[in-house]
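# Summary of structural features
Below, each chain spelled out in residue letters.
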Amino acid sequence: DVKVTQSSRYLVKRTGEKVFLECVQDMDHENMFWYRQDPGLGLRLIYFSYDVKMKEKGDIPEGYSVSREKKERFSLILESASTNQTSMYLCASSLRGVMNTEAFFGQGTRLTVV
Amino acid sequence: QKEVEQNSGPLSVPEGAIASLNCTYSDRGSQSFFWYRQYSGKSPELIMFIYSNGDKEDGRFTAQLNKASQYVSLLIRDSQPSDSATYLCAVGNYNTNAGKSTFGDGTTLTVKP
């Protein structure tokens, strides 16, 4: 069974704090993703990584950074949390192939910034 | 224009009816098409993918792809209350955006007993 595990299900942080969201996958997938999902705005890509130490900005990277030091782990960092970063954060992974492949999602982290 | 557009919904059908979910996309070079189901408070999970024009059936689900019209749909036959969820369409073009599929905003389906 493919498993993508996010470190926290719920998180409450204060404005200005540095926040780390961790994601681990156990299927040896090359691709990993961080999305945020907000009502009415759908699923928006924050960052994408296609290999260790490789990353690409997604649609909304401002205020976020990422780290991928090992293939199985992809971390999302909020450098200085703000209330507009209150959201559901979803990590996903997929195989690299000759076509885009299925994305497997973690259970999500609901982050509240107060 | 959004890259991937879905019926705004919500869509409500009676139990046992056919639910039809539609998705259009703007990138004519797209090659891979996915339908995900997302229950309230849960993560998306894949229910169908399709790469070639035509129909692909899996149990009560049928995905239909028409690349000329840039249109992909999901039909759910004999809809059940357990099918009530948000359905996300995702489209991928490996040549221009390898690995990254673009998601629509989703259509919420309610199946009434």
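Further up the page is the structure itself.
The structure presented is a predicted model; accordingly, all values stated were derived computationally and were not measured.

The helix and strand inventory of chain A stands at zero helices and eleven strands. For 114 residues, the compact-globule estimate of 2.2 N^0.38 gives 13 Å, and chain A sits close to it at 13 Å. Taken along its principal axes, the extent of the C-alpha atoms in chain A is 40 × 30 × 25 Å. Burial statistics for chain A: of 114 residues in total, 46% are counted as buried. Of the contacts formed within chain A by residues at least 6 apart in sequence, a portion of 55% connects residues at least 24 apart. Accessible area for chain A stands at about 5600 Å²; split by element, carbon and sulfur atoms hold 51% of it. Across chain A, the centroid of the 16 positively charged side chains sits 5 Å from that of the 15 negatively charged ones.

Turning to the interface of chain A and chain B, a few remarks are in order. Each side of the interface is counted separately: chain A has 27 residues, and chain B has 21 residues. In total, about 1800 Å² of surface goes out of reach between chain A and chain B, with carbon and sulfur atoms giving 52% of it. Summed over the shared surface of chain A and chain B, the result is one salt bridge. For the salt bridge of A:Glu56 with B:Lys100, the shortest nitrogen-to-oxygen distance reads 2.8 Å. For the interface between chain A and chain B, the tally reads six residue pairs in polar contact (both at pLDDT 80 or more). Class assignment of the residues belonging to the side of chain A that touches chain B gives a composition of eleven nonpolar, eleven polar and five charged.

Conventions used here
- Residues numbered from 1 in each chain as written.
- Chains lettered and ligands numbered in written order.
- Predicted model: local features only at pLDDT ≥ 70, side-chain atom pairs only at ≥ 80, totals over all residues.
- Heavy atoms only, no water.
- Helix = DSSP H or I, 4+ residues; strand = E, 2+ residues; numbered from the N terminus.
- Rg over C-alpha atoms; globule rule 2.2 N^0.38 Å.
- Buried < 20%, exposed > 50% of the residue type's maximum accessible area, 1.4 Å probe, protein only.
- Contact = heavy atoms within 4.5 Å.
- Areas by Shrake-Rupley, 256 points an atom, 1.4 Å probe, with all protein chains shown as cover.
- Lys, Arg positive; Asp, Glu negative; His and termini not counted.
- Charge placed at Lys NZ, Arg CZ, Asp CG, Glu CD.
- Buried area = accessible area lost by both parts, 1.4 Å probe.
- Salt bridge = Lys/Arg side-chain N within 4 Å of Asp/Glu carboxyl O.
- Polar contact = N/O pair within 3.5 Å; in protein donor to acceptor, adjacent residues only side chain to side chain.
- Nonpolar A, V, L, I, M, F, W, Y, C, P; charged D, E, K, R; others polar.

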